[in-house]
Amino acid sequence: MMRKGRSSRGYGWLSPLLWLSLLLSACLGMEGLKGLFRLVEPDSQALIYDRADFIVLLGRHLLVVGVAALLAILLGVGAAVAVTRPGGRDFLPLVGQLASIGQTFPPVAVLALAVPVLGFGTLPIIVALLLYGLLPIVRNTLAGLEGIDPGVAEAARGMGMTGGQRLRQVELPLAAPVILAGIRTSVTINIATAAIGATVGASNLGDPIISGIVNGNTAHVLQGALLIGLLALSVDSLFARFQPASSS
């Protein structure tokens, strides 16, 4: 059984490493795929997107998604924890509704409203991704905390733990698998959504897609879509590797 456990843990790295290798290979070796893209754009002179290096675009994409995800985690988990405490339960429906509004409001509309205030660039897309990514995190954190067996909380209280100790040592560890699943969903969705940032000057992997749409170059669209898809698969497989099991 021990060998099997170690083997499965080692095998768990195979998928993330595979997708990451494909992503980096595609970023560094897009020229090698020229023949494939020539099939969809036989007459194009600029077959491979070359206005920026794909590795640079990847780094910018990760930065935007990472900052938005960090803010969404801090706000989403913090708000869910606050409204599950005795003093904040009256605000639980309000927090859930606000998070829902954030995701139902189209990111393009958020950008349209944010640009006049924040200007062009990275900040508007971070705001849009933050609002769009809150709902899965808030919902899963609420579900994880409220799904804990009341007897466990009572046992912790009986051991003399304070409210803060119960939260840190009992509730959050038990709810962690459900919370991480919400973060995983939020981040994976926002990897694709971040591409629209290219429309407001936030340079990222959406640049080739927008360029391809504007110039009628399907090859550029496919290059951006390919890299974003590989990035989403890489990040999702990493989450799957580190996500604790809800039961064992």
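What counts and what doesn't
Residues numbered from 1 in each chain as written. Predicted model: local features only at pLDDT ≥ 70, side-chain atom pairs only at ≥ 80, totals over all residues. Heavy atoms only, no water. UniProt positions renumbered as here; feature names shortened; annotations may be inferred. Helix = DSSP H or I, 4+ residues; strand = E, 2+ residues; numbered from the N terminus. Expected span 1.5 Å × (residues − 1). Polar contact = N/O pair within 3.5 Å; in protein donor to acceptor, adjacent residues only side chain to side chain. Patch = residues over 30% accessible without salt bridge, like charges linked within 9 Å, V, L, I, M, F, W, Y side chains within 5 Å. Areas by Shrake-Rupley, 256 points an atom, 1.4 Å probe, with all protein chains shown as cover. Salt bridge = Lys/Arg side-chain N within 4 Å of Asp/Glu carboxyl O. Buried < 20%, exposed > 50% of the residue type's maximum accessible area, 1.4 Å probe, protein only. Core = buried A, V, L, I, M, F, W, Y, C linked by side-chain atoms within 4.5 Å. Contact = heavy atoms within 4.5 Å.

Per an unreviewed UniProt entry, the protein goes by the name Osmoprotectant transport system permease protein and belongs to Halomonas caseinilytica. As its UniProt record puts it under Sequence similarities (unreviewed entry), the protein is described as follows: "Belongs to the binding-protein-dependent transport system permease family." According to the UniProt record, the Subcellular location (unreviewed entry) comment for the protein is "Cell membrane".

This next bit is on helix 4 (residues 54-83). Here helix 4 is 30 residues long and its end C-alpha atoms lie 43 Å apart, about the 44 Å a rise of 1.5 Å per residue gives. By the N-cap criterion, in which a side-chain oxygen at the helix start approaches the backbone nitrogen of a residue two or three places on, helix 4 is capped by Asp53, the distance to Ile55 being 2.8 Å.

The next thing to look at is a nonpolar patch on the surface. A contiguous nonpolar patch, built from Leu63, Val67, Leu70, Leu71 and Leu74 and spanning about 450 Å² of accessible area, is present on the exposed surface. Residue position: Leu74 is located in helix 4. The exposed category is assigned to Leu74, whose relative accessible area is 56%.

Our next topic: the nonpolar core. In terms of nonpolar packing, the biggest core is built from 51 residues, with Phe54, Val187, Ile191 and Leu227 touching the most fellow members. Put simply, the parts of the chain that give this core at least two residues each are helix 2 (14-28), helix 4, helix 6 (107-118), helix 7 (122-146), helix 9 (163-193) and helix 11 (218-242). Top element by residues in this core is helix 4. It accounts for 10 residues. With residues near it in sequence (within four places) discarded, Leu227 still touches Leu23, Ala26, Cys27, Met30, Phe54 and Leu205.

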